Amino acid sequence: MATIKHKKKQPTDSSNSVAFKNGWDSGKNKSIHLYLHKLKHNQVISSFFFFQLKSKESLMSWWLIILSTFSTTLTGLNNLEEEPFNHFFLSIQIGLGTFSVLTTLIAAWMKKERFVERINEIDRYVQKLTILIEEIDFQLVLNTSDRIIYEDFKKKYHQQISEMLSTSPSLSPKEWKHTIYTITKYYPEMINSDGSPENKLWPWYTLGTNNEGIVVRRVSPFGMKVLNTYHTSTYKGYIIDKCCPCFLNKVLLYPDPQPSPPPPSQPQSQSQSQSQSQSQSQSPASPPSYKELFLNFCSCSKKGKGKSEDKSEDKSEDKLTDQLDDKGNITEKVIEQP
């Protein structure tokens, strides 16, 4: 007897009824998306802090250049043979000592903060992380039939994902809090660029699914917690929060705007509805010509003159009747005449 071979059914996604191929399924797809959102979070925080640190280092370097320039200028003035005024050389010596002390303190503080080492470390980390995110995102955009086999994907990227999540640059709690607060309050486009679920950044948006398995990205309480607790971490912010809370704007700018409800329909009377239907049914009239406009203007001017003459006659009759009123009986005869 001939044996019948049954083909195995490929796993399908219940949300959009798409068959998964090359070893992919809905669970593996969601886990990779979760790792991808965590990598994007590390990328945004690290790149933002990188530029903050770089701007601070460039500012301190610029102050070193200014102080060294002043020191060089004072050294040249110190070589004069005769002082132009009293205590000139003493002032030069005081200035040189002050500038040298400030230069030494700023250079020592920059070395203590490890600006150059941290900037180079974060720069290398952000470059590697950006390349990894783009490669994973490219694979997830493709259909499962066009992707590489999941086992090959696992061998190629799982080690890199775990390495990038575990070796993120170290930030102090104060630096992390300041970076998160600045992004939440002043850079909402980095959190929600176009409103699509793929580009909404975690943890400002939750990562969840509904009963049908569709990914749902809702606004999380993370952003509001950051706005409420940032100013309480410093004495200045605590005093402003307690005394003048109106200066602290605690409004989230990154959530999607809710659609406004349609305006309530007003009941119309039958006469208004009939007039509207008649006006809509009538065809638009052609614009009048210049000749017709001129004739209408002439007729209106004649009518205006006739009305003015009638008003003048009425006024004269009123005056006549008023004059006849003073004479007594004559007014009754004049008024009774047709």
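About the cut-offs
Residues numbered from 1 in each chain as written. Predicted model: local features only at pLDDT ≥ 70, side-chain atom pairs only at ≥ 80, totals over all residues. Heavy atoms only, no water. Buried < 20%, exposed > 50% of the residue type's maximum accessible area, 1.4 Å probe, protein only. Salt bridge = Lys/Arg side-chain N within 4 Å of Asp/Glu carboxyl O. Helix = DSSP H or I, 4+ residues; strand = E, 2+ residues; numbered from the N terminus. Contact = heavy atoms within 4.5 Å. pLDDT = per-residue confidence, 0-100. Patch = residues over 30% accessible without salt bridge, like charges linked within 9 Å, V, L, I, M, F, W, Y side chains within 5 Å. Areas by Shrake-Rupley, 256 points an atom, 1.4 Å probe, with all protein chains shown as cover. Phe/Tyr/Trp six-rings, centres within 6.5 Å; stacked < 30°, edge-to-face > 60°. Expected span 1.5 Å × (residues − 1). Bend = angle between axes of the 7 residues up to and from the residue. Axes fitted to C-alpha atoms, helices over the stretch in contact; angles between N-to-C directions. Parallel < 35°, antiparallel > 145°, perpendicular 65-115°, else oblique. Left-handed = near helix turned anticlockwise from the far one by under 90°. Polar contact = N/O pair within 3.5 Å; in protein donor to acceptor, adjacent residues only side chain to side chain.

(A) Spotlight on unusual backbone geometry. Along the chain, W202 connects to P203 via a cis peptide bond; the corresponding omega equals 5 degrees. Here H87, not a glycine, exhibits a phi torsion of approximately 60 degrees, which is positive. Taking relative accessible area as the criterion, H87 reaches 56% and is therefore assigned exposed. In this structure, R114 is a non-glycine residue whose phi angle is positive, near 55 degrees. Using a relative accessible area of 40% as the deciding quantity, one classes R114 as partly exposed.

(B) Main features of the pattern of salt bridges. Applying the stated rule across the entire model yields 2 salt bridges. A salt bridge links E113 to K112; its shortest N-O distance comes to 4.0 Å. Put simply, R118 and E175 hold a salt bridge, and the shortest N to O gap is 3.1 Å. Here R118 is found in helix α3 (residues 115-141), whereas its partner E175 is found in helix α5 (residues 173-186), with 57 residues between them in sequence. Residue classification places R118 among the buried residues on the basis of a relative accessible area of 12%.

(C) Examining the environment of E83 more closely. Along the polypeptide, E83 turns up in the loop between α1 (26-77) and α2 (88-113). Those residues in contact with E83 that lie beyond four places of it in its chain are F88 and F89.

(D) Expanded view of the confidence of the model for the chain. Overall, the prediction assigns the chain a mean pLDDT of 75, with 62% of residues at 70 or greater. Averaged pLDDT values over the elements of the chain bottom out at 42 in helix α11 (residues 330-336) and peak at 92 in α3. A low-confidence stretch, residues 1-17 (pLDDT under 50), is modelled with 18 contacts involving residues beyond four sequence positions or located in other chains. Of the regions scoring below 50 in pLDDT, residues 311-338 engages in 5 contacts with residues more than four places distant in sequence or in other chains.

(E) Molecular detail of a nonpolar patch on the surface. On the surface, a cluster of nonpolar side chains totalling about 260 Å² of accessible area is made up of V101, L102 and L105. When you line up the elements, L105 lands in helix α2. The class of L105 is exposed, set by a relative accessible area of 55%.

(F) The arrangement of the packing of aromatic side chains in detail. Summed over the entire model, instances satisfying the criterion amount to 12 aromatic pairs. Plain terms: the ring middles of F85 and F88 are 5.1 Å apart, the flat faces sit at 85 degrees to each other, and that makes the pair edge-to-face. For the ring pair Y181 and Y230, a centre distance of 3.9 Å and an interplane angle of 10 degrees mean the geometry is stacked. Highlighted residues: Y181 in helix α5 and Y230 in the loop between α7 (222-229) and α8 (235-243), separated in sequence by 49 residues. Taking the relative accessible area as the measure of exposure, Y181 reaches 7% and is therefore buried. Among the aromatic residues, those joined into a ring-pair cluster are W24, Y150, F153 and Y157.

(G) Here's a closer look at helix α4 (residues 150-166). With 17 residues, α4 should cover 24 Å at 1.5 Å per step; its first-to-last C-alpha distance of 23 Å lies within 8% of that length. Its axis deflected by about 40 degrees at Y157, α4 carries its strongest bend there. Every buried residue of α4 is accounted for by Y150, F153, Y157, I161 and M164. Buried residues along α4 sit against α1 and α3.

(H) Seen up close, α5. With 14 residues, α5 should reach 20 Å at 1.5 Å per residue; the first-to-last C-alpha distance of 20 Å fits that figure. Taken residue by residue, α5 has T179, I180, Y181, T182, I183, T184 and K185 as its buried positions. Summarising the contacts, the buried residues of α5 are in contact with α1, α6 (188-191) and α7.

(I) Spotlight on the packing of α1 against α3. Following both chains from N to C, one finds α1 and α3 inclined at 150 degrees, their axes separated by 9 Å at the closest point. Accordingly, the angle class assigned to the pair α1 and α3 is roughly antiparallel. Our pair here, α1 against α3, has a crossing hand that is left-handed.

(J) Just the environment of N79, in detail. Tracing the backbone through its elements, the reader meets N79 in the loop between α1 and α2. Looking at N79, the relative accessible area reads 62%, which means it is exposed. Considering only alpha carbons, one finds N79 and F89, 10 residues apart in sequence, at a separation of 9.3 Å. Within the structure, N79 has its side chain in polar contact with the backbone oxygen of T75 (distance 3.4 Å).

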